[in-house]
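Per-entry structural report
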Amino acid sequence: MLKKLLLSICFIFLLSTGLDTMPYAKTRDIDTTKDSRVLIYNDMLMLILNAQVEEVANQYYFKKLKQRVTVYPYDMNVVNAKRVNGFRGFDFLITIETEPSIGVHNSVGKDRFTFRISPLVPEKDSIKFVKFKHIKSYSIPPHLRD
């Protein structure tokens, strides 16, 4: 229950700051070298979504790489967030873009993940995975292959 409340507060704040379709910290000129309220809310949201993003990424990459990838919360960016049912409705779609990696920060690709966050979603924590889109593959260093 507390997690749902925290998630709702994070979304309300993030949406009220005007998230559009570009990576949040980059387009809002947020100083990521010092803490701020906006950065705290953004980081909490990324941490809440991280496990599900990493799970979906591994469903895709394990088939190709035969090893698990890691998704770091600080490498996740909100590219789109919107209310599904209008002003003050608590039904959201959020799209995250990230670059999963293997080894010590060796990015293997760029991907987008869309989630629905709503009290109407029967899944755990009111978060439902909606869509995955692989955008780009990167070459993998020879010592990390198979």
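A brief structural summary. On a predicted model such as this, the values are computed, not experimentally measured, just so you know. (Residues numbered from 1 in each chain as written. Predicted model: local features only at pLDDT ≥ 70, side-chain atom pairs only at ≥ 80, totals over all residues. Heavy atoms only, no water.)

Describing the packing of aromatic side chains
- Here the structure, examined in full by the defined rule, presents six aromatic pairs.
- Taking the centre distance of 6.4 Å and the plane angle of 85° together, the rings of phenylalanine 90 and phenylalanine 92 count as edge-to-face.
- Taken together, the ring pairs connect Tyr60, Tyr61, Phe113 and Phe132 into an aromatic cluster. (Phe/Tyr/Trp six-rings, centres within 6.5 Å; stacked < 30°, edge-to-face > 60°.)

Quick word on the sheet that holds strand S6 (residues 127–137)
- Spatially, S1-S2-S5-S6 is the arrangement adopted by the four strands of the open sheet, whose pairing is antiparallel. Among the strands making up the open sheet, the edge pair consists of strand S1 (77–83) and S6. Each strand axis lies, on average, 15° off the axis of its neighbour in the sheet, ignoring direction.
- Where strand S2 (residues 92–98) and strand S5 (residues 109–117) come together, seven bridges link them in antiparallel fashion. Looking at the pairing, isoleucine 96 lines up with phenylalanine 113 of S5.
- The strands touched by helix H3 (residues 37–65) are S1, S2, S5 and S6; relative to S5, the strand with the most contacts, the crossing angle is about 120°. (Pairing = 2+ DSSP bridges. Helix = DSSP H or I, 4+ residues; strand = E, 2+ residues; numbered from the N terminus. Axes fitted to C-alpha atoms, helices over the stretch in contact; angles between N-to-C directions. Contact = heavy atoms within 4.5 Å.)

Here's the deal with H3
- Its maximal kink placed at asparagine 50, H3 deviates by approximately 45°.
- Positive backbone phi, at 60°, marks lysine 66, one or two positions downstream of H3. (Bend = angle between axes of the 7 residues up to and from the residue.)

A short note on unusual backbone geometry
- With a phi angle near 65°, arginine 88 is a residue other than glycine that sits in the positive phi range.
- By the secondary structure assignment, arginine 88 is in the loop between S1 and S2.
- A relative accessible area of 43% places arginine 88 in the partly exposed class.
- One non-glycine residue, serine 126, lies in the positive phi region at around 60°. (Buried < 20%, exposed > 50% of the residue type's maximum accessible area, 1.4 Å probe, protein only.)

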